[in-house]
Structure formats: structure tokens, C-alpha cells
Amino acid sequence: MRTARLRSVHPVLWAGWAALAAGAVLCVIGWYGISGERYAERQLPYLASCTVPGAALIIAGAVLLTHGRNASATARVEELYGLLVAAGSGDAGEPGPAAAVPVAVGGDLLMVPGGTLYHRADCPLVAGKPEAVPADSRVLASGDLGPCPICEPDAGDGPSEGVEGGPSTGPGD
């Protein structure tokens, strides 16, 4: 797909550069012819045959270059879109790229002392951190901690081990 589209763009770019070069050459020839003539009636042929067509070629070359670059950019965007669609359709049976996939699904809730959020135990922000402790249900109920925006835990997911309402660790729990 890419090579076919870009092959059609390159001739437009080459034509634009050729028109710019030819226009510049004609303008230089016209200027040289006009500069050697003292009278206006002798300058008009150079103006009509070289300078005006040279300016027109410069304008045409600029238009062709702009069109060629826009077509090249469009071809690249279409190629990237095709790759994106191909990557999305390659995951048959799995949710597409727009579907929300939970980062963490564990039921245990953790918090970091001094932090402002509570997390699921398998949240990437607290997973493997030794300072992460089970979240106390009293702290969760008081609203001092907010839910993590990454793992999106629910305060009703269930208490963690060692907190109020969880498995008892002793009579003074």
C-alpha cells in the first residue's frame, strides 16, 4: 500500500522542483536581458518571454510541492491507520483497543502509610512494595483515602487480611 501511494507522490515532487528550477532560470535570463537594454520598448520582449513565464513556473512549482507533500503526509497517515486497524483486528476474541481492561483485579486492598489512595493488591503502583500494608476498613469508611485511578478499587471489594472484619489475628483486633 505504501509504495504504490508514495510512487505516485514522487513524480509530483520532482515536477515541482523542476518547475521551480526552470522558473528561476527563466527569471535570471529575463533579468539579464532587461538589464542590458536601456529603453523600455526593448525590455518588453524579455519581460514577456522570460520573466512572466518564469514567475508563473515558480508559482506552479510551489503549488506542486505543497500538493506533493500533503499527499505524502496523507499516505503516511493512511499507512499508520492501516497498521493500527490491523493490530486491533489481530486480537480476535480479545477486547479491542477502546475497551477498558482492568489493570488489577485482586480483592485485597492495600495502602501506603502517609499516602492518599488505596489500591488493589495487584495494582502496579503498590505491587512488590514492602511498605504497602493492608488497608484498614475504618480508614476506608472515614473517607481519608481515595480510590486509585489506575486499578479503580471498590471500597466494598472486601477487607484485607488482618483488618477489621477479616480473619482474626487475636482478641484485641
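Located above this text is the structure these notes cover.
Rules used in this analysis
Residues numbered from 1 in each chain as written. Predicted model: local features only at pLDDT ≥ 70, side-chain atom pairs only at ≥ 80, totals over all residues. Heavy atoms only, no water. Disulfide = S-S within 2.5 Å. Buried < 20%, exposed > 50% of the residue type's maximum accessible area, 1.4 Å probe, protein only. Pairing = 2+ DSSP bridges. Helix = DSSP H or I, 4+ residues; strand = E, 2+ residues; numbered from the N terminus.

### Re the state of the cysteines
A full pass over the atoms with the stated rule returns 0 disulfides. Left unpaired, cysteine 50 is separated from the closest cysteine sulfur, that of cysteine 27, by 8.8 Å. Given the relative accessible area of 9%, cysteine 50 is considered buried. Counting only cysteine sulfurs, cysteine 123 is the nearest neighbor of cysteine 151, a cysteine outside any disulfide, at a range of 3.6 Å.

### Things to note about the pairing of strand S2 (residues 117–120)
Note: strand S1 (residues 109–111) against S2, 3 bridges, orientation antiparallel. When the bridges of S2 are listed, leucine 109 appears paired with arginine 120. Linking S1 to S2, which pair antiparallel, is a turn of 5 residues; within it glycine 114 sits at a positive phi near 85 degrees. In terms of strand pairing, S2 meets strand S4 (residues 146–147) through 2 bridges, oriented parallel. Looking across to S4, one finds that tyrosine 118 is bridged to proline 147.

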